[in-house]
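The lines below spell out each chain.
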Amino acid sequence: WFVAGGIPALLFYISLYVFAFLAVIRSKVLSAPEIAVLLGLLSAYAFNNMFVFDNVMSGIYFFLLLAFLHGMSRKELPSFVFLSKPVSDRGVSIAAPIAIIFILAGAYMLNMPGFTRATTMIDALQPTDPKTGQQKDPSVNLEAFKKSLAQGNNTGRQETVEQLFQFATNAIANSTTVSPVLKQDAYTTALTAGEALLKDRPNDARLELFVSVFLAQFGQYDAAISHLRNAVAHSPNKQQILFQLGATYLEKGQIAEAVAELKKAYDLEPSYDEARVFYAIALYYSSQTAQADALLTEKFGNVYPDDNRLLQAYTNLKMFERAIGIWNARIAKEPNNAQLHLGLAQTYFTANNMPATIATLRKVSQLDPNLAVQVQQLITQIENGTLKP
C-alpha cells in the first residue's frame, strides 16, 4: 500500500489494524480467551503480510473479521450525518430490487469482458486440443490470439500482447516446421498489437522492453535498440533494460556501445552478480580479457562462475579451456549427471578435441545406458569423419 498509494494509503491501511485492535480490547461481549484469540489472529495476519503479498481470499477473511468487529462496536451516528437514519421496510422493499439489478448488471459488465478474454487466452496458450488430446497446429493458436485481441476491451489486453510476443518467438519463429507464411503472419500480428498498445501507453518502459526483445529475436536490431532507448528514457536506472540494450548491441556487433551500456548497469549496483557477469562478457567481446578476468576473480575467485551466458560467450569466442572449466566445475558437483557430461562432450567437439569428445561420450553411456545407442552412433560418425564441428 505504501508503494501503490504513498504515505496516506499506508496510514489508512495500518489504521484498519489499529481500530480492529481497539474494537477487540474495548469489547464488552468477548471473554478473555476470545480476546486473546482475536488479537493473536490479527497479529499473525499483520506479521504474515510483512513477508507475503496479500491475495483475494486472505483479503476476504480480513474484511470479514473487520466487519465482525465493527458489528460489535458500531455506534449510532448523529442525526445530522448524511444517510445515518435507517431506511423503512417499505423503502428497503423498493430499493433492494433496484440495487440488485444494478449490482448484477455492473458485475456482469465489469467482469464478463475479462472472463471472455481469459477463456480465449487459455485456448491460445494450450498446445494441445483438450477434446482430442492432439497437438494443435500453431496457426490455430495464432487465430485464438487474434480473437482475443479483437475483443475490444482493455482488461487483459497487455497480458495478451505479452503472451503473443512469447508465442510468436518460441512456438513459431524458433520452429523448423512452421511455414514462412505463418511466421510472417505471427510477426506482423504481434508487432502490430504491440505498437498499438504502445500508442495507448507511450511511457510504459516494461512494454517497450517486451517489444524490443521480440524485435531482437527476429533480427530487427535497429528497431529493438530504438525501443530500448525509449525504455531507458522512461526508466534510466532499470538494470534489466540496460542488460537487454547491451545484449542487443552485442548481437548487432556494436561492441563498444555494448560495453558502455553494460558498464553503466554494473556501476549502478556493483554487488549485483548478474550485472558483473554481463559487463565481463562485454569486456571479453571487446578483447579486454585482463579487465574481465579481474572483474570475475574479484567476486568469484576464478573465471569459471556457473553462468550459461558466460559459457556461451566463452564458446563463441573460442575460449574453450574456460568453457570446459565451467563444465568441469558443474560435473564436480554432480559427477553422475549424464547431461552435464554430454554438455562437456559437446564443448570438446566444438573445440575439435575428438579424443576427449569420444572419451566423455563413453562416460555418458556408462552413466545413462538409455543413451548408449545414440552415443555410439555419434562416436561412429566422429570416428569415420561424417560428423564434424
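Throughout this document, residue positions are counted from 1 along each chain, in the order its sequence is written. The model is predicted, so local features are restricted to residues of pLDDT at least 70 and side-chain atom pairs to those at 80 or more, both for listing and for counting; the totals for chains, interfaces and linings are taken over all residues. Excluding hydrogens and water, the side-chain figures rest on all heavy atoms present in the structure.

Overview of the overall build of the protein chain
Under the convention used in this document: Where helices and strands are cited, they refer to DSSP runs of H or I of at least four residues and of E of at least two residues respectively, numbered from the N terminus. Just to be clear, the radius of gyration here is over C-alpha atoms, and the globule rule we use is 2.2 Å times residues to the power 0.38. Any pair of residues with heavy atoms lying within 4.5 Å of one another is described as a contacting pair. The method behind every accessible area is Shrake-Rupley, applied with a 1.4 Å probe, and residues are considered shielded solely by the protein chains displayed. We count Lys and Arg on the positive side and Asp and Glu on the negative side, and we leave His and both chain ends out. In this description, the location of a charge corresponds to atom NZ of lysine, CZ of arginine, CG of aspartate or CD of glutamate.
Counting its secondary structure elements, the protein chain contains 18 helices and 0 strands. For 389 residues, the compact-globule estimate of 2.2 N^0.38 gives 21 Å, and the C-alpha radius of gyration of the protein chain, at 30 Å, exceeds that figure by more than 25%. In terms of principal-axis extent, the alpha carbons of the protein chain reach across some 95 × 50 × 50 Å. Taking all contacts inside the protein chain whose residues are at least 6 apart in sequence as the whole, residues at least 24 apart take part in 48%. As displayed, the protein chain has an accessible area near 23,600 Å², and 61% of this comes from carbon and sulfur atoms. Here the protein chain contributes 31 positive and 31 negative side-chain charges, whose respective centroids are spaced 5 Å apart.

Some words on the packing of helix α4 (residues 89-125) against helix α6 (residues 157-173)
Keep this limit in mind: Only the stretch in contact is used when fitting a helix axis, every axis being a line fitted to C-alpha atoms; angles between N-to-C directions are given from 0 to 180 degrees. An angle below 35 degrees is read as roughly parallel, one above 145 as roughly antiparallel, one from 65 to 115 as roughly perpendicular, and any other as oblique. Ten residues, namely Ala, Val, Leu, Ile, Met, Phe, Trp, Tyr, Cys and Pro, are considered nonpolar, four, namely Asp, Glu, Lys and Arg, are considered charged, and the remaining ones, Gly among them, are considered polar.
As a packed pair, α4 and α6 sit with axes 11 Å apart at the nearest point and diverge in direction by 5 degrees. Relative to α6, the element α4 lies roughly parallel. Facing α4, whose interface residues are Arg117, Met121 and Leu125, α6 presents Arg157, Glu159, Thr160 and Gln163. A per-class count over the contact of α4 with α6 returns 2 nonpolar, 2 polar and 3 charged.

Things to note about the nonpolar core
Side chains of nonpolar character tend, in soluble globular proteins, to be buried together. Stated formally: We define the nonpolar core as a collection of buried residues of types Ala, Val, Leu, Ile, Met, Phe, Trp, Tyr and Cys that are connected through side-chain atoms lying within 4.5 Å of one another. Exposed residues in this analysis have more than 50% of their type's maximum accessible area, buried residues have under 20%, and partly exposed residues fall in between, with area computed by a 1.4 Å probe over protein chains only.
One finds Ile241, Tyr284, Leu296, Leu310 and Tyr314 to be the most contacted residues of the largest nonpolar core, which totals 44 residues. Here this core gets 9 residues from one element, more than from any other, and that element is helix α12 (residues 273-285). With sequence-adjacent residues up to four places away left out, Tyr284 is seen in contact with Thr289, Ala292, Asp293, Leu296, Val303, Leu310, Tyr314, Leu317, Met319 and Arg322. Of all hydrophobic cores here, the second largest spans 26 residues; its members include Ala168, Ile172, Leu198 and Ala224.

Read these as geometric descriptors, not functional statements.
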